[in-house]
Structure formats: C-alpha cells, structure tokens
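Coordinate inspection notes
Residue strings, one per chain:
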Amino acid sequence: MRMPAAFIGHGSPMNTLEDNRYTAAWRALGRSLPRPRAVLCISAHWFIHGSAVTAMERPRVIHDFYGFPRELFAFDYPAPGAPDVANEIAEVVRPAFVGLDTDSWGLDHGTWSVLAHVFPQADIPVLQLSLHGAEDIDYHVDLGARLAPLRDRGIFIVGSGNVVHNLRAIDRQRRDNAYDWGERFDAKVKEIMTMDPARLPEVLRHPDYAAAVPTPEHFLPLAYLAGLCCAAGEPAVPFVEGGVMGSLTMTSYVLGAPPPAAAQQDVAGADALPDPALVPPEQTNT
C-alpha cells in the first residue's frame, strides 16, 4: 500500500502537551493512516549546511528551545531509529547526496511535538532528514520528489514547519487568527498546493513573502510535500487551517488520502507560551 504523505504546521512546542483543534487534527490523521514501516520527518529545526538523515538505532530526544515549562523539557518520545531505512533513503535519492548521521542529531521538537499526537505510542521507527540551508527551494522540491519511492515501501513522509512563521511579529492577544498579510500569503500557498504544487517556488515573489517567511527553515519542509505531489501527479489537500498570534499559520496538508475527520474542539492554549517580555522570541524556537 502506498503511504500518504503530509505537511504539518507545528506551531509552538507547547502543542506537545495541549489539546486544541490542531492537535486534534493531528491525532485524527494518525488514526486514519495505515501503520507505517517507519516515519521520515523533515523538521524545520534541523537546518544545516548539508542534507543528512539520522542513521542511529536509538535517536536521542532533543529539547531545542528555551523558556518553556519544566513539563515540556521532561517530555520523552523514545521512538527507535532505523539505520536500514536511512541507507535506503541515501540510495533512493541518488545522484543527489544525503549523508548518514550516526551521532550528531536525533529527534528535535519539530518532529516529536507532532508525532506525540500522530503516533503517541512512540513505537514506530523515526528518522529525520535535515534541511540544506545553502540550497534554494528548487533543490528541496527536487529532493522531495526523489523520496517518492519510499511511499511504496511503507514510509510515512511528513514535513514539519509553518507556512507563515514570523516570531518577531507575534501578538499574544490575537491568539486565533493571522494578520492580513499572513492570511493572504497562506491563501496563495493553499491555492498552489491544491492546484499545481510544482508552482510552489513562485511564492518567493509574492508581495507578502518577506513578512511571512523572514527565514526559510519553517517554510522549506512544505517544499518536500510539493515534490512528492509532483512525483505522484496529485495535489495536496488541507486537513486543518488557521492562524495563531498574528504571525503564525497552522495550515496542514495531506497527500494520497482524504482529509481525516478531525475533532471540532478548539482550545486556544496561547497562554502557555513564554512571555516575550522575559524571553526573546528568537530564543523560544517556536
């Protein structure tokens, strides 16, 4: 069976512990999926000068943030790794190069904050693929397309980031919506992802791109889903949408499956975020 693929807008690390309409949608996605052989996550939070995949038997759980409650630092997601799958990934993308990381990284919160809801038992092998920070969006779309054969080998591929992600513009009082520029940009991305994902690189010329994507790492995981869509000849389907705190959007997409029927519960949960007056937003790694 060909596995679906997804992009999930992960937002705050506090979503790990919270029950809101986004985490409810992630749980619904997990219930709707066939059990994968392994999960390959492209997280915004492994942004390095190169493409690499975790290849250790037991990836460490990385708490890569500051200023959050103690309960979040205590959270564990002890999923096993899969060195055999890492080798498959390195082979399937050739002649592109993906190195094998046996000791430097692990699972960061871009991965485990989402998988805590999608696969809460942590009993499925999980690997991470880094984002090559020196390459342009076309590279990432192409690499995503090269991963497509893994879907036929039981691998669930998921990008984890945010379409709109501007920490310096956060407004805690808005909580449940985005600024006009964030909504415009998110809507344009939705139009492309649901009609012709190959056009995703065009959004770099959108007038709201600079405000919505001041740094590329949270946007680029979506390029991997766009590449997978291109390889499959299918568009993506949104399964949860919305903005939080003005400058983040949580819009998430699935490929190769109908959108799951998510719970309608909407618990905002914004009060659990660190106070930006005490912790600089660039240090919260939201």
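One can find the structure itself at the top, above this paragraph.
Bear in mind that the values here come from a model prediction, so they are computed numbers and not experimental data. (Residues numbered from 1 in each chain as written. Predicted model: local features only at pLDDT ≥ 70, side-chain atom pairs only at ≥ 80, totals over all residues. Heavy atoms only, no water.)

Brief notes about the state of the cysteines
All chains considered together, the criterion is met by zero disulfides. The closest cysteine sulfur to the non-disulfide-bonded cysteine 41 is located on cysteine 229, 16 Å from its own sulfur. Not part of a disulfide, cysteine 230 finds its nearest cysteine sulfur in cysteine 229, a span of 6.9 Å. The exposure class assigned to cysteine 230 is partly exposed, which follows from its relative accessible area of 36%. (Disulfide = S-S within 2.5 Å. Buried < 20%, exposed > 50% of the residue type's maximum accessible area, 1.4 Å probe, protein only.)

So, the pairing of strand β2 (residues 38-48)
Among the 11 residues that make up β2, nine are buried, leaving the element largely enclosed by the rest of the structure. Relative to strand β8 (residues 155-161), β2 runs parallel, the two sharing six bridges. Within β8, the position partnered with serine 43 by the bridge is serine 160. As paired strands, β2 and strand β7 (residues 126-132) are joined by six bridges and run parallel to one another. Looking at β7, one finds that cysteine 41 is bridged to glutamine 128. (Helix = DSSP H or I, 4+ residues; strand = E, 2+ residues; numbered from the N terminus. Pairing = 2+ DSSP bridges.)

Some remarks on the side chain of asparagine 162
Structurally, the position occupied by asparagine 162 is in the loop between β8 and α6 (180-195). Since its relative accessible area comes to 1%, asparagine 162 is described here as buried. In this structure the side chain of asparagine 162 is engaged in a polar contact, spanning 3.0 Å, whose partner is the backbone oxygen of threonine 249. Setting aside anything within four residues of it in sequence, one finds asparagine 162 in contact with Phe7, Gly9, His10, Gly11, His218, Phe219, Thr249 and Met250. (Polar contact = N/O pair within 3.5 Å; in protein donor to acceptor, adjacent residues only side chain to side chain. Contact = heavy atoms within 4.5 Å.)

Examining helix α3 (residues 83-92)
For α3, the complete set of buried residues consists of Val85, Ala86, Glu88, Ile89, Ala90 and Val92. On its buried side, α3 packs onto β2, β3 (52-54), β5 (99-101), β7, α5 (137-146) and β8.

Focus on the packing of aromatic side chains
Scanning the entire structure with this criterion turns up seven aromatic pairs. Geometrically, the ring pair formed by phenylalanine 75 and tryptophan 112 is stacked, given 5.4 Å between the ring centres and 25° between the ring planes. Of the two residues, phenylalanine 75 sits in the loop between α2 (70-73) and α3 while tryptophan 112 sits in helix α4 (residues 109-118), which places them 37 residues apart along the sequence. Residues phenylalanine 119 and phenylalanine 156 carry aromatic rings whose centres are separated by 6.0 Å and whose planes lie at 90° to one another, so their mutual orientation is edge-to-face. Remark: phenylalanine 156 occurs in strand β8 and phenylalanine 119 occurs in the loop between α4 and β7; sequence separation between them is 37 residues. Here phenylalanine 119 and phenylalanine 156 have matching classes, each one buried. One aromatic cluster in this structure is built from Phe185, Tyr209 and Phe219. (Phe/Tyr/Trp six-rings, centres within 6.5 Å; stacked < 30°, edge-to-face > 60°.)

Here's the deal with the packing of helix α1 (residues 21-32) against α4
Where α1 meets α4, the closest approach of the two axes is 7 Å, and the angle between their N-to-C directions is 65°. Of α4, the residues touching α1 (which contributes Thr23, Trp26, Arg27 and Gly30) are Ser113, Val114, His117 and Val118. The residue makeup of the contact of α1 with α4, split by class, is three nonpolar, four polar and one charged. (Axes fitted to C-alpha atoms, helices over the stretch in contact; angles between N-to-C directions. Nonpolar A, V, L, I, M, F, W, Y, C, P; charged D, E, K, R; others polar.)

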